[in-house]
Amino acid sequence: MARLSLTPHGAHIVFAWMSRAKPEDRELVAQVLEQVGDGLGACTYHYTIDKVDKNITVVQPRDGLCVLVRMWPVNVAEYPNHFDVLSITEIEQEENGDVG
């Protein structure tokens, strides 16, 4: 399989998030992007494939940090061999571990 590259849209999402992220989270997301570029089989982090849209995957490099990735962009004809980042989200967790 050819190495996948990030779409310009995905790069914009990542750049905007990185400008306000903690350094340790930047490193985690950079690792996610590197691994996803080699395909989901190379991803060492926990991930879940969306049940409705199987092209969307939620990768969690740590508890509460989610990277939503579309493995095949909507405009795949324009960007073959690319993947897209739809969002990077931090989910706050309460002290008992529940999402709040």
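Shown above is the structure to which this text applies.
In this text, all values refer to a predicted model and were calculated from it rather than measured experimentally.

**Considerations on helix H2 (residues 23-37)**
Consideration 1: The end-to-end C-alpha distance of H2, which contains 15 residues, comes to 21 Å, matching closely the 21 Å that a straight helix rising 1.5 Å per residue would cover.
Consideration 2: Every buried residue belonging to H2 is among Asp 25, Leu 28, Val 29, Val 32, Leu 33, Gln 35, Val 36 and Gly 37, and all of these are buried.
Consideration 3: The inward-facing, buried residues of H2 abut strand S1 (5-6), helix H1 (8-18), strand S3 (56-62), strand S4 (65-70) and strand S5 (82-90).
Consideration 4: Backbone geometry just after H2 places Gly 39 at a positive phi near 100 degrees.

**A few points about the nonpolar core**
Consideration 1: Core analysis: the biggest nonpolar cluster contains 20 residues, and Val 29, Val 36, Val 67, Phe 83, Val 85 and Ile 88 have the highest contact counts within it.
Consideration 2: Listed by contribution, the elements that provide at least two residues to this core are H1, H2, S4 and S5.
Consideration 3: The biggest single contributor to this core is H2, with five residues.
Consideration 4: Not counting residues up to four positions away in its chain, the partners in contact with Val 85 are Leu 6, His 9, Gly 10, Ile 13, Val 14, Leu 33, Val 67 and Leu 68.

**Some details on the side chain of Thr 7**
Consideration 1: Structurally, Thr 7 is set in the loop between S1 and H1.
Consideration 2: Here Thr 7 is in contact with Pro 73, Tyr 79, His 82, Phe 83 and Asp 84, once residues within four sequence places are set aside.

**A few points about the sheet that holds S5**
Consideration 1: With mixed pairing, the five strands of this open sheet are ordered in space as S1-S5-S4-S3-S2. Either end of the sheet is taken by a strand with one partner, and the two such strands are S1 and strand S2 (46-49).
Consideration 2: In this structure, S2 lies alongside S3, joined through four bridges in antiparallel fashion. Its bridge partner lying in S3, Tyr 47 is registered against Val 59.
Consideration 3: Sheet strands touched by H1: S1, S4 and S5. Its angle to S5, the strand with the most contacts, is close to 25 degrees.

Calculation criteria
Residues numbered from 1 in each chain as written. Predicted model: local features only at pLDDT ≥ 70, side-chain atom pairs only at ≥ 80, totals over all residues. Heavy atoms only, no water. Helix = DSSP H or I, 4+ residues; strand = E, 2+ residues; numbered from the N terminus. Expected span 1.5 Å × (residues − 1). Buried < 20%, exposed > 50% of the residue type's maximum accessible area, 1.4 Å probe, protein only. Contact = heavy atoms within 4.5 Å. Core = buried A, V, L, I, M, F, W, Y, C linked by side-chain atoms within 4.5 Å. Pairing = 2+ DSSP bridges. Axes fitted to C-alpha atoms, helices over the stretch in contact; angles between N-to-C directions.

Any functional reading would require information that these geometric values do not contain.
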